[in-house]
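Close look at the chain arrangement
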Amino acid sequence: MATRDIILFGAPGAGKGTQAKRIVAHLGIPQISTGDILRAAVRAGSALGLKAKPFMDLGRLVPDDIIIGVVEERIREPDCQLGCLFDGFPRTLAQGEALDDMLGRAGRNVIVIGLEVAEEELTRRLSGRWTCPQCQRTYSDPGTCTVDGARLEQREDDKPETVKKRLQAYREQTAPLKDFYQKRGRYRAVDGLGSEDEVWRRVRKVIEG
Ligand code: AMP
């Protein structure tokens, strides 16, 4: 069976987490979200969490060698052998090159779905974002998660000053990856504006096309 590797690419607030859930349910591949892995490590107080937390609190990227090590280990697991969905990774050119190497060694390559959303809309979304601490689904109002009933929380790094820093990190360090994948003919742009269902219809067209 052919492997299926997909990168869900886009700025913070573009809707990656939400669409990631739909893609993995549709294709039956695991989701590798480096942000979720890091937040779990911070909650657990592990060595990884202790290293990552100061960067995350400032809205900065965690160093490449740490993140690449995490992903390398994760994709060696049996559930990743037929492909996976990368959410929030790669975020720098060095990470993109490392991922190409890791997958290339196994004869795999990846397509990139780029969720495109204008920056004013990203700021608006992130500043009013509420997250379920259990399943990481996001909402635009406080309350409880409609899926598992947990009380929604605001992520530390969704505070306005940190949001600015995260968008700056995206512009400076992550956005150049679009060109990297476009040159390799692997980038598929998807308009990220609209309801969850509308965006999902566009995403599904790409993964089925
Ligand atoms: P996210 O939930 O994907 O927005 O990630 C939250 C935070 O985790 C980011 O602001 C970074 O500090 C860190 N992070 C997540 N993924 C990466 C990555 N691929 N490279 C570097 N830092 C990351």
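My aim in this report is to walk through the structure given alongside it, one point at a time. Values in this document were obtained by computation on a predicted structure and should not be read as measured data.

What to know about the overall build of the chain
Each helix and strand counted, the chain has nine helices and seven strands in total. For 209 residues, the compact-globule estimate of 2.2 N^0.38 gives 17 Å, and the C-alpha radius of gyration of the chain, at 16 Å, lies within 12% of that figure. Overall, the C-alpha framework of the chain stretches about 45 × 40 × 35 Å when taken along its three principal axes. A total of 209 residues make up the chain; the buried ones form 44% of that total. Sequence separation of at least 24 residues holds for 69% of the intrachain contacts in the chain that already meet a minimum separation of 6. Taken as a whole, the chain presents about 10700 Å² of accessible surface, with 51% of it coming from carbon and sulfur.

Quick notes on the site of the ligand
Taken together, 16 residues surround the ligand, and among them Thr-34, Arg-39, Arg-60, Gly-88 and Arg-91 come closest. With respect to the ligand, the side chain of Arg-39 contributes an N or O atom lying 2.9 Å from an oxygen atom. Across the complex, the protein chains shield 96% of the 480 Å² of accessible surface that the ligand would expose by itself. A per-element tally of the shell around the ligand places helix 2 (residues 34-44) first, with four residues. Along the lines of polarity and charge, the residues of the shell around the ligand split into six nonpolar, four polar and six charged.

A few points about the side chain of Arg-39
Along the chain, the position of Arg-39 falls in helix 2. Taking the relative accessible area as the measure of exposure, Arg-39 reaches 17% and is therefore buried. Polar side-chain contacts of Arg-39 include one of 2.9 Å to the side chain of Asp-36. Not counting chain neighbours up to four residues away, the residues in contact with Arg-39 comprise Met-56, Gln-136 and Arg-155.

Observations concerning the sheet that holds strand 7 (residues 187-191)
Taken together, the five strands give an open sheet; going across it, the order is 2-3-1-4-7, and neighbouring strands pair in parallel fashion. Unpaired on one side and paired on the other, strand 2 (31-33) and strand 7 mark the two borders of the sheet. When the angles between neighbouring strand axes are averaged without regard to direction, this sheet yields 20°. Alignment of strand 2 against strand 3 (residues 85-87), held across three bridges, turns out to be parallel. Paired with Ser-33 across the bridge in strand 3 is Asp-87. With respect to the sheet, helix 2 is in contact with strand 2 and strand 3, its orientation differing from that of strand 2 by roughly 65°.

Brief notes about the pattern of salt bridges
Applying the stated criterion across every chain yields a total of 21 salt bridges. For Arg-124, the salt bridge goes to Glu-121, with nearest N and O atoms at 3.1 Å. Separated by three residues within a single helix, Arg-124 and Glu-121 lie in helix 6 (residues 119-127), roughly one turn from each other. When its relative accessible area of 57% is taken as the criterion, Arg-124 is described as exposed. A salt bridge links Lys-164 to Glu-161, with the shortest nitrogen-to-oxygen separation between them at 3.4 Å. Of this pair, Lys-164 and Glu-161 both sit in helix 7 (residues 160-174), three residues apart, roughly one helical turn. Each of Arg-129, Arg-155, Asp-157, Asp-158 and Arg-166 takes part in one network of salt bridges that share partners.

About the criteria used
Residues numbered from 1 in each chain as written. Predicted model: local features only at pLDDT ≥ 70, side-chain atom pairs only at ≥ 80, totals over all residues. Heavy atoms only, no water. Helix = DSSP H or I, 4+ residues; strand = E, 2+ residues; numbered from the N terminus. Rg over C-alpha atoms; globule rule 2.2 N^0.38 Å. Buried < 20%, exposed > 50% of the residue type's maximum accessible area, 1.4 Å probe, protein only. Contact = heavy atoms within 4.5 Å. Areas by Shrake-Rupley, 256 points an atom, 1.4 Å probe, with all protein chains shown as cover. Near = heavy atom within 4 Å. Polar contact = N/O pair within 3.5 Å; in protein donor to acceptor, adjacent residues only side chain to side chain. Nonpolar A, V, L, I, M, F, W, Y, C, P; charged D, E, K, R; others polar. Pairing = 2+ DSSP bridges. Axes fitted to C-alpha atoms, helices over the stretch in contact; angles between N-to-C directions. Salt bridge = Lys/Arg side-chain N within 4 Å of Asp/Glu carboxyl O.

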